[in-house]
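Residue-level structure breakdown
Read off the chains here:
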Amino acid sequence: MKRTNLIRLLAVALMGALLAMALGGCMAQNNTGNTQQAENRQYMSQVNQVMEDLANRLDGFNQAVSNGDLVGMKNQSDNAFKAIDDLNALEAPEELKDIQTAYVDGCNDLRDALSQYIDLYTEMENATEEEPFDYTAYDSRLKEIQSKYDSGIDKLEEGDKLANDKDN
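Going along each chain's sequence as written, the residues are numbered from 1 onward. A pLDDT threshold of at least 70 governs which residues receive local features in this predicted model, and a stricter bar of 80 or more applies before side-chain atom pairs are shown or counted, although totals over entire chains, interfaces and linings include all residues. Only hydrogens and water are removed before side-chain values are computed, so all heavy atoms of the structure are retained for them.

With that out of the way, let us pick up the pattern of salt bridges. Salt bridges are identified by distance alone: a Lys or Arg side-chain nitrogen within 4 Å of an Asp or Glu carboxyl oxygen. Counted by the stated rule, this structure contains 6 salt bridges. Between Lys155 and Asp109 there is a salt bridge whose closest N-O contact spans 2.9 Å. In this pair, Lys155 sits in helix H4 (residues 138–167) while Asp109 sits in helix H3 (residues 97–125), placing the two residues 46 residues apart along the sequence. Three labels apply to residues, based on accessible area from a 1.4 Å probe with only protein chains included: buried if under 20% of the type maximum, exposed if over 50%, partly exposed otherwise in between. By relative accessible area, Lys155 is classed as partly exposed at 27%. One network of salt bridges, with partners in common, ties together Asp109, Lys148 and Lys155. Strands here are runs of E lasting at least two residues and helices are runs of H or I lasting at least four, both read from the DSSP assignment and numbered beginning at the N terminus.

Right under this line is the structure:
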């Protein structure tokens, strides 16, 4: 009988150990999931902050454009570029890399549009009678700038949609 009781006791202990290992594995997976969610939330919080900074800096650029202030445009675009660089520097969790790509691509298009606009405005400001500004190309250049800007906005909206889809 002692041997039978010993076998039963070992069987119960073994089952207990297996159950503990199984629960431990679930806990580890749950902790991994919680860690991943925390990293995702932290990343998205950082993205939201950078995008808010960018929007504020673009408001400054728009104000400089309204005032016809070329120096202000350059300063405000440099400020906006810093926000774009901050976004580029963020390290996205693996499952959010596609969102990061959309945001970075969108911001790079916005950077190009701002630079092209400043170049266009600079050429207009620096025109002289000896070297006049080519107004025949103005409309097409402005459309190109607007297209680049719209492309950037579309990519940012794509990033927002991807983030929203992953959140749901």
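Once you've had a look at it, read on.
Let us now look at the environment of Tyr43. Mapped onto the secondary structure, Tyr43 falls in helix H1 (residues 2–67). For Tyr43, a relative accessible area of 1% gives the class buried. Between the C-alpha atom of Tyr43 and that of Leu90, which follows or precedes it by 47 residues, the distance is 7.7 Å.

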